Amino acid sequence: MAERGQLPAPAKRLCCRPGYGSGCRPGQRAGGAGPGSGALCAGPSSAAAAAAALGLLPLGKTQSPESLLDIAARKVAEKWPFQRVEERFERIPEPVQRRIVYWSFPRSEREICMYSSFNTGAEDPAAAPGGAATAPGGAADAAAAADENRLPFRRGIALLDGGCVDNVLQVGFHLSGTVTEPAMQSEPETVCNVAISFDRCKITSVTCSCGNKDIFYCAHVVALSLYRIRKPDQVKLHLPISETLFQMNRDQLQKFVQYLITVHHTEVLPTAQKLADEILSQNSEINQVHGAPDPTAGASIDDENCWHLDEEQVQEQVKLFLSQGGYHGSGKQLNLLFAKVREMLKMRDSNGARMLTLITEQFMADPRLSLWRQQGTAMTDKYRQLWDELDSSNRPHRTVFTRAIEACDLHWQDSHLQHIISSDLYTNYCYHDDTENLLFDSHGWPLWHEHVPTACARVDALRSHGYPREALRLAIAIVNTLRRQQQKQLEMFRAQKKELLHRGVTSITNLEGWVGHPLDPIGTLFSSLMEACRVDDESFHGFSDFTENMGQCKSLEYQHLPAHKFLEEGESYLTLAVEVALIGLGQQRIMPDGLYAQEKVCRNEEQLISKLQEIELDDTLVKIFRKQAVFLLEAGPYSGLGEVIHRESVPMHTFAKYLFTSLLPHDAELAYKTALRAMRLLVLESTAPLGDISRPHHIASVVPNRYPRWFTLSHIESQQCELASTMLTAAKGDVRRLETVLESIQKNIHSSSHIFKLAQDAFKIATLMDSLPDITLLKVSLELGLQVMRMTLSTLNWRRREMVRWLVTCATEVGVYALDSIMQNWFTLFTPTEATSIVATTVMSNSTIVRLHLDCHQQEKLAGSARTLALQCAMKDPQNCALSALTLCEKDHIAFETAYQIVLDAATTGMSYSQLFTIARYMEHRGYPMRAYKLATLAMTHLNLSYNQDTHPAINDVLWACALSHSLGKNELAAIIPLVVKSVKCATVLSDILRRCTLTTPGMVGLHGRRNSGKLMSLDKAPLRQLLDATIGAYINTTHSRLTHISPRHYSEFIEFLSKARETFLMAHDGHIQFTQFIDNLKQIYKGKKKLMMLVRERFG
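In this text, all values refer to a predicted model and were calculated from it rather than measured experimentally.

### Quick look at the nonpolar core
- Formed by 203 residues in total, the largest nonpolar core has its most connected members in Leu 728, Phe 830 and Leu 935.
- Of all the elements, helix α24 (residues 573–585) adds the most residues to this core, at 10 residues.
- The residues contacting Phe 830, other than those within four sequence positions of it, are Met 789, Leu 793, Arg 800, Val 804, Leu 807, Ile 822, Ala 835 and Val 839.
- Counting residues in each nonpolar core, the second largest holds 63 residues, with Tyr 102, Tyr 115, Ile 229 and Leu 309 among its members.

What follows is the structure in structure tokens.
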């Protein structure tokens, strides 16, 4: 906030010598000391007494009573501008002037802090608009501490404590000094010249040579100010400079001026000469005015008494924050500015309203507003949040200015309202219960009937502007009104209960919910009442012990203070705060439209509950919880926990979880009843109730079977899951409770992932290491797992495999009958692949048998179920389950044969060559070579390898099949070669098979391990002749195919390919002739490819 420059602001009023001109009264000042005389700013009798007068010592600790002079001077210094003092009294003794000047400097560090940091530390961080309280501890604490130490106020304290303040001088209403900034690693030591003007205990202007450009005072101004507040006895005090000049004669004045010019000739000589010329000119403007300005003489009568606020910097900073949009924490910075406005208003500082005006003007001047208006763009969520701070509304049928305009029409002249806020004794015992808007209740206590957010805005306004007692009185009247309305609503519902429950419909009685509302009515009432629980009378009017408490995060203990006149016996501000929070949280209200509004509902609810959790419940508060829980359960459409609620009513899961944990130790039945009622989530039900009268005509109704746009639905579902998990944990060991909670989960939770989480939670709780497994909770876990399996069976879920494995683990813990059950009912829970590859395989594993301590009979029974499952799965999905079925059925001959037959039946139609080759290899590995051969031949019928697929993954299978056939004998090889010739067109693969078949005699290792002594097969006879011809033909076809699109870079590779082809050609008895003819044909057909044909001639002639 320091101004740019080193000179103080020009003096606002003129001072003249006695008798000088008609405008001055003689004897206006009474001099008593010689020129240059000064005095330390000592207090009435001692430094300790001065500290006591400043409030730095506790009451009763002063060493001597304050003098009448100091008492009077202090009051005058607070209220009167010094010019009024001069005009009021013809002669002012110098000691009186000194004491007035002394007491005119600010005495509290709180204001200095307010103008040099965002957060004084005395406020609840969660109370900052749009902010959220951060839990203490860890990196968050360290970061917060680092940020706080960078604040100008903290840096100023460090400079003061480090002895960096020097040359402090107070001349009248002007304080100056130097502050030395210690050398840093990259910067040398610097000395800053600081000047401060003040009036009526407020700093009115500041300048510092550091050139700081910010909304706040710089650390150097802070250091000098705190030096004056903490060490007044070390500051030399002079009367205003004009008073000193009045006491000089002509020679002294001339000497003074000449010395001043000599010392500062480079800076002031041009100005001095200009002033001299004007004074010597009779007609100059300066000679037409009586007196001369004095920057140290204090304020004139017309001067506004307010703290220095650099308005230009406020405008620039807001403009900068807005231009940054959602980046660089600009939203947070703007919210901190709004919090600063509230802080100023609470201190009754007029700059609060001025800063709010400046912020609003910058919002209105934002060029994007007109652009968005032209484009019809909806306000972004970020700006909705900021407009909230200007008391806007997020309801779609109202503009952002509506509430501000309404606030302009709001008045405080109502006599009933005036009596409520001004007196603790305002009562009327003439009670009549025949009107809706009574002014008093049956106790004679005042009520205040008004739109609840508006009424609470009045409370907030009173608190914000520094009227805490008035705010408290109105808050009590509002809460008493809400409690009376709650009772009336309950009676009204009871009268209509049968009809409403029979129709099964309800209507929203509050379209505008109190929790999540821009004006935060419930939060305002709660904070007002809680503030009264933790402050004493002295600090209730102001702020005590600020220096000691500033910035310290003390844990506050809330107490039941003595009852207010308008509270029931045994009630306190604390019970009232808790009760109104419960009323607001339990209110049935419709979910608002838009992402930001919905997030705000969730955020505000969680913030309010977080504050409630700080309060330790005693018997008195437990009674309040019981009372409100019963009310909410029985209050029908007025409660979010009523029997029938609207489909789009804001869910109560988060609130109910808090109620449940709070009530559980004291009234378990009520706790469970509340939590179970809150489990519902009607917005996800398939249809809305018939006759659903959801909203007035100006809000679109929701079509049945269609979900409204709940942007926070995932968060809401997770909260529903948390509530269920909390109940499951609490119900461990209670069979009846667990069954009830399970039924509620199965009925109300629609997300498979959340049910799976609950199943896992229940499993963990049931199998804790320090206790025996809770079999009932294990069964609940299993039931939830089975529900997840059914829900995700026909839908894609990336966690499905994990879910299946977990279910088998859970069923294993439950027992053998659970495993048997899931296998017998596999088709409702698993896919065939899952059932065979995961479920049955795991069940049949040794680890499962050992875990369950199964005897032989039990093992066989479980194995029989697994084999039955395997065969059923193989029938349903042979492609994916046949191999697993064969594996599972190995030890049972009949089952194995059945599985093998299933494979054969499916081989011709439903299975691919890769699946058949895999099973064939399995058969060979298990000692069934003929069955392997059979499956291999079936696989070959599905295969088709073209001429250029020489890296196909099936090549190894083809080579294996041929090797298997060759090993079995000539007949088997003769049978498979035609299949190979038909399926494989790749020349290199065929030549590889051909070579392998010519290396050994067929059937060298027979079926029973007998070695054959036959001869090598002839290439001139079947079946190898057919394979040789096919291989040569494949080479010829492949050659022509490759030459069609060959490029020069592939020429050398092509020559190598021809070399391999020649090797195959030469295996035939006339192969040399065939290859020569083949090459000649190539030369003739492709003679245009001269370079390639030249390479062919070089290699092959």
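### Examining helix α46 (residues 1051–1065)
- With 15 residues, α46 ought to run about 21 Å at 1.5 Å a step, and its terminal C-alpha atoms sit 21 Å apart, in line with that.
- Those residues of α46 that fall on the buried side of the exposure criterion are Tyr 1051, Phe 1054, Ile 1055, Phe 1057, Leu 1058, Ser 1059, Ala 1061, Thr 1064 and Phe 1065.
- Buried-residue contacts for α46 involve α44 (987–999), α45 (1024–1044), α47 (1071–1085) and α48 (1090–1100).

### Considerations on the pattern of salt bridges
- On inspection of all chains with the given rule, the structure shows 37 salt bridges.
- A salt bridge links Lys 757 to Glu 722, with the shortest nitrogen-to-oxygen separation between them at 3.8 Å. Of this pair, Lys 757 sits in helix α31 (residues 752–766) while Glu 722 is found in helix α29 (residues 713–730), placing the two residues 35 residues apart along the sequence.
- What makes Glu 722 partly exposed here is its relative accessible area of 29%.
- Look at the salt bridges and you will find they share partners, linking Arg 483, Glu 571, Glu 579 and Lys 627 into a network.

### Topic: the pairing of strand β7 (residues 202–208)
- Taken across its seven residues, β7 has five buried, putting it largely inside the fold.
- Bridging between strand β6 (residues 190–199) and β7 involves six bridges; their strand directions are antiparallel. Counterpart to Val 194 in the pairing with β7 is Cys 208.
- The turn linking β6 back onto β7 is made up of two residues, and Arg 200 within it adopts a positive phi angle of 50°.

### Regarding the confidence of the model for the chain
- Across the chain, the average pLDDT comes to 81, with 80% of residues at or above 70.
- Ignoring residues within four places in sequence, the model shows residues 17–37, a span with pLDDT below 50, making 53 contacts including any to other chains.
- The low-confidence segment residues 688–706 (pLDDT under 50) makes 32 contacts with residues lying over four places distant or belonging to another chain.

### Observations regarding the environment of Met 591
- Among the structural elements, Met 591 can be located in the loop between α24 and α25 (595–613).
- For the pair Met 591 and Gly 513, spaced 78 residues apart in sequence, the C-alpha separation works out to 8.3 Å.

### Looking at the packing of helix α27 (residues 653–663) against helix α28 (residues 668–678)
- Packing of α27 against α28 leaves a shortest axis separation of 8 Å and a crossing angle of 170°. Taken together, the axes of α27 and α28 are roughly antiparallel relative to one another. Two secondary-structure elements touch here, α27 through His 653, Ala 656, Leu 659, Phe 660 and Leu 663 and α28 through Ala 668, Leu 670, Ala 671, Tyr 672, Thr 674, Ala 675 and Ala 678.

Definitions and cut-offs
- Residues numbered from 1 in each chain as written.
- Predicted model: local features only at pLDDT ≥ 70, side-chain atom pairs only at ≥ 80, totals over all residues.
- Heavy atoms only, no water.
- Core = buried A, V, L, I, M, F, W, Y, C linked by side-chain atoms within 4.5 Å.
- Buried < 20%, exposed > 50% of the residue type's maximum accessible area, 1.4 Å probe, protein only.
- Helix = DSSP H or I, 4+ residues; strand = E, 2+ residues; numbered from the N terminus.
- Contact = heavy atoms within 4.5 Å.
- Expected span 1.5 Å × (residues − 1).
- Salt bridge = Lys/Arg side-chain N within 4 Å of Asp/Glu carboxyl O.
- Pairing = 2+ DSSP bridges.
- pLDDT = per-residue confidence, 0-100.
- Axes fitted to C-alpha atoms, helices over the stretch in contact; angles between N-to-C directions.
- Parallel < 35°, antiparallel > 145°, perpendicular 65-115°, else oblique.

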